[in-house]
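Commentary on secondary and tertiary structure
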Amino acid sequence: MQKKKKNQIPFLIRTHLWIQVLVAMVSGIGIGLLLSPSGVALVSDAMAYGLAQWIALPGHLFLAVIQMVVIPLVLSSIIIGITSSGDSDFLKKVGLRITPYFVMTTTIAVLLGISLAMLIEPGNFIDSNLVQAMVGDTPATVTAAAVEHTDIGLPQHIVQLIPSNLFKSLIDKDMLAIVIYAIFIGVAMLALDKRQSK
């Protein structure tokens, strides 16, 4: 019985992703503490910095691959989801039911975020001198341009939801514009004949 239990532990690690994540987190914290100059400091500062870059390389590659796949995945899943219904009437019924749900959940999420921000006031815990030292002196022209850009009305915000240039949205990673573009493509394909849409 004991041998079976011992053999089950590696099997659990291989088959359960959450165990792998926990093991990786604990291992990362342990290695970081051993190599960090403010921790155990087993190596010099320069060597710790060089090792940290190589240790972080697989994680950065993994995140880059995820970012590479996200936009095509979102586009294809939305388009296929809309066109798989095969009926514009069904799409209207589903849209009329889902839209209030999304609006309600988004409103609740925004209200929760605003309430927590007002309650915790996270900006009070940030040293303004440290932020200024990191950011540096911001030119007045940039600040004025940013203020002019944000000082637009609700109609302009609604117009800006529709992507005028898909490639610009892809470069800027504007996911909302990409989602709206995918919805337009899906609805247009649904309006076409099945043979043409295929």
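Residues numbered from 1 in each chain as written. Predicted model: local features only at pLDDT ≥ 70, side-chain atom pairs only at ≥ 80, totals over all residues. Heavy atoms only, no water.

Brief notes about the packing of aromatic side chains
Counted according to the given criterion, the structure contains one aromatic pair. Ring centres of Y101 and F102 lie 5.8 Å apart, and the angle between their planes is 65°; on these two criteria the pair is classed as edge-to-face. Judged by its relative accessible area of 49%, Y101 falls in the partly exposed class. (Phe/Tyr/Trp six-rings, centres within 6.5 Å; stacked < 30°, edge-to-face > 60°. Buried < 20%, exposed > 50% of the residue type's maximum accessible area, 1.4 Å probe, protein only.)

Topic: unusual backbone geometry
Of note in the backbone geometry, K173 takes a positive phi value of approximately 55° without being a glycine. Examined against the element boundaries, K173 turns out to sit in the loop between α8 (166-172) and α9 (175-191). (Helix = DSSP H or I, 4+ residues; strand = E, 2+ residues; numbered from the N terminus.)

Side note on the packing of helix α3 (residues 45-83) against α9
At a closest axis distance of 8 Å, the pairing of α3 and α9 adopts a crossing angle of 35°. Regarding α3 and α9, the two cross each other, and that crossing is right-handed. For the pair formed by α3 and α9, the contact residues are V70, I71, V74, L75, I78, I79, I82 and T83 on the first element and M175, I178, V179, Y181, A182, I183, I185, G186, V187, M189 and L190 on the second. Considered class by class, the residues forming the contact of α3 with α9 number 17 nonpolar, two polar and no charged. (Axes fitted to C-alpha atoms, helices over the stretch in contact; angles between N-to-C directions. Left-handed = near helix turned anticlockwise from the far one by under 90°. Contact = heavy atoms within 4.5 Å. Nonpolar A, V, L, I, M, F, W, Y, C, P; charged D, E, K, R; others polar.)

Topic: the environment of L190
In this fold, L190 is placed in helix α9. Take L190: its relative accessible area is 16%, and that puts it in the buried class. Between the C-alpha atoms of L190 and I82, which are 108 residues apart in sequence, the distance is 7.4 Å. If we skip the residues at most four places from it in the chain, L190 touches I82, T83, S85, G86, D87, S88 and L91.

Digging into a nonpolar patch on the surface
Together, I98, Y101, F102, M104, I108 and L112 make up an exposed nonpolar region whose accessible area comes to about 620 Å². Position of Y101 relative to the elements: it lies in helix α4 (residues 88-120). (Patch = residues over 30% accessible without salt bridge, like charges linked within 9 Å, V, L, I, M, F, W, Y side chains within 5 Å. Areas by Shrake-Rupley, 256 points an atom, 1.4 Å probe, with all protein chains shown as cover. Salt bridge = Lys/Arg side-chain N within 4 Å of Asp/Glu carboxyl O.)

A look at α9
Under the 1.5 Å per step criterion, the end-to-end length of α9 is 24 Å for 17 residues, consistent within 8% with the ideal 24 Å. What α9 keeps buried is the set A177, I178, I180, A182, G186 and L190. Of the surrounding secondary structure, the elements contacted by the buried residues of α9 are α3, α4, α7 (154-161) and α8. (Expected span 1.5 Å × (residues − 1).)

Some words on the nonpolar core
Counting residues in hydrophobic clusters, the biggest one holds nine residues: I71, V74, L75, I78, I79, I82, I178, A182 and L190. Elements with a contribution of two residues or more to this core: α3 and α9. With six residues, α3 is the single largest residue contributor to this core. Contact partners of I178, with chain neighbours within four places excluded, come to I71, L75, S169 and L170. (Core = buried A, V, L, I, M, F, W, Y, C linked by side-chain atoms within 4.5 Å.)

Describing the pattern of salt bridges
A complete count under the given rule lists one salt bridge for this structure. Between K168 and D172 there is a salt bridge; the shortest N-O distance is 2.9 Å. Of this pair, K168 and D172 both sit in helix α8, four residues apart, which is roughly one turn of that helix. You can call D172 partly exposed: its relative accessible area is 47%.

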